[in-house]
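# Chain and residue survey
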Amino acid sequence: MIAEIDARPFTFRMPIDGTALILIDMQRDFLDPGGFGAALGNDVCLLRPAVAACGRLLATFRASGMPVIHTREAHRPDLSDCPPAKRLRGTPLLRIGDEGPMGRILVAGEAGTEIVTECAPAAGELVIDKPGKGAFYNTGLNRYLGDNGITTLVVGGVTTEVCVQTTLREANDRGYDCLLIEEATESYVPEFKRVTLDMIRAQGAIVGWTCTLSAFESGLARCFH
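Residues numbered from 1 in each chain as written. Predicted model: local features only at pLDDT ≥ 70, side-chain atom pairs only at ≥ 80, totals over all residues. Heavy atoms only, no water.

## Observations regarding the overall build of the protein
Within the protein one finds 8 helices and 10 strands. Since a compact globule built from 225 residues should have a radius of gyration of about 17 Å, the 17 Å found for the protein is in line with a globular shape. Projected onto its principal axes, the C-alpha coordinates of the protein cover approximately 50 × 35 × 30 Å. Looking at the protein residue by residue over its 225 residues, the buried ones come to 52%. Of the roughly 9,800 Å² that the protein leaves accessible, carbon and sulfur atoms contribute 53%. (Helix = DSSP H or I, 4+ residues; strand = E, 2+ residues; numbered from the N terminus. Rg over C-alpha atoms; globule rule 2.2 N^0.38 Å. Buried < 20%, exposed > 50% of the residue type's maximum accessible area, 1.4 Å probe, protein only. Areas by Shrake-Rupley, 256 points an atom, 1.4 Å probe, with all protein chains shown as cover.)

See the structure below:
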């Protein structure tokens, strides 16, 4: 079955049997006070609208029986997978690996790397800890997608212009078709979100497609009914 989604820049044709949802870094270190996002001087409240939309996407995919993937930006406790150039860049209040209100910043196993309750993984859903901004870098994601016949990704998560866009570009270079759900992603700088959406769908979907959450739900419903 193929679901036809009213998307930009043109209709997105989504194979039901070859599609997975991937939610990028819906974790406390970016969404809650006291995490890395706040340590960088950002207003984390600006990301909260994406939480409800990602929750709706999760419910839709689970009801349809399509696979779901979650990612977390999380480093090893010894920071052996965190280049000094990444850790030492800028002047945050807390750096990667420092002790914060939710444990060590962006370190696997700490409370800050937990996915927020509204988007918490269900049993059997793949969770990938990634040491970089993109979900393909130094992870097993590409092999998992290939082994499971996934050719198409529906994407949500934070932040639009950093980890989400990087993942979309990585996926595009590997031959995947990608659809970004507009309400299911946010940025600490709203203008960055707007510009990123424009870049993704420019020049005939050069990186991917975007659509509203309601358009995605309607397209999927038409396919199943």
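That was the structure; now back to the text.
## Quick look at unusual backbone geometry
Here the bond from Arg8 into Pro9 is cis, since omega is 10°, no more than 30 degrees from zero. Relative to the helices and strands, Pro9 is located in the loop between strand 1 (2-5) and strand 2 (12-15). Of the consecutive residues Val158 and Thr159, the connecting peptide bond is found in the cis state with omega at -15°. Along the chain, Thr159 turns up in the loop between strand 8 (152-158) and helix 6 (160-173). Despite not being glycine, Gln203 shows a phi value in the positive range, around 50°. Relative to the elements of secondary structure, Gln203 occurs in helix 7 (residues 190-205).

## Considering the side chain of Thr159
Take Thr159: its relative accessible area is 8%, and that puts it in the buried class. Sequence-distant contacts of Thr159, defined by excluding residues within four places in its chain, comprise Leu47, Val164, Gln165, Thr185, Glu186, Ser187 and Tyr188. (Contact = heavy atoms within 4.5 Å.)

## Comments concerning the pairing of strand 1
By the alternation rule, side chains of strand 1 split into Ala3 and Ile5, which are all buried, and Ile2 and Glu4, of which none is buried. Examined bridge by bridge, strand 1 and strand 2 share 4 bridges and lie antiparallel to one another. Note that in strand 2 the partner of Ile5 across the bridge is Phe12. Linking two consecutive strands that pair antiparallel, namely strand 1 and strand 2, is a turn of 6 residues. (Pairing = 2+ DSSP bridges.)

## Examining helix 6
With 14 residues, helix 6 extends 18 Å between its outermost C-alpha atoms, agreeing within 8% with the 20 Å of an ideal straight helix rising 1.5 Å per residue. Close packing links the buried residues of helix 6 with strand 3 (19-24), strand 4 (68-73), strand 7 (126-130), strand 8, strand 9 (177-186) and helix 7. (Expected span 1.5 Å × (residues − 1).)

## Considerations on the layout of surface pockets
In this structure, the largest pocket occupies an estimated 510 Å³ of space. Around the largest pocket, the lining comprises 24 residues; the ones closest to its centre are Phe30, Phe36, Leu40, Lys133 and Val162. Taken together, the elements giving at least two residues each to the lining of the largest pocket come down to helix 2 (36-39), helix 4 (84-87) and helix 6. At 3 residues, helix 6 tops the list of elements feeding residues into the lining of the largest pocket. A class-by-class count of the residues in the lining of the largest pocket yields 12 nonpolar, 4 polar and 8 charged. (1 Å grid on protein atoms, 1.4 Å probe; cavity = no way out; pocket = protein on both sides within 12 Å on 5 of 7 lines; lining within 4 Å. Points joined across faces, edges and corners; volume = space filled by probe spheres on them. Nonpolar A, V, L, I, M, F, W, Y, C, P; charged D, E, K, R; others polar.)

## Side note on the sheet that holds strand 7
Pairing is parallel across the open sheet formed by 6 strands, whose spatial order is 7-4-3-8-9-10. Each edge of the sheet is formed by a strand with only one pairing partner; in this case those strands are strand 7 and strand 10 (209-211). In this sheet, adjacent strand axes meet at a mean angle of 25° when their direction is disregarded. Strand direction decides the pairing type here: strand 3 and strand 8, joined by 6 bridges, are parallel. Residue pairing in the sheet places Leu23 in a bridge with Gly156 of strand 8. Across the sheet, helix 3 (residues 49-64) lies against strand 3, strand 4, strand 8 and strand 9, angled at about 135° from strand 9, the strand it touches most. Each of strand 9 and strand 10 is contacted by helix 7, which is oriented at about 160° to strand 9, the strand it contacts most. (Axes fitted to C-alpha atoms, helices over the stretch in contact; angles between N-to-C directions.)

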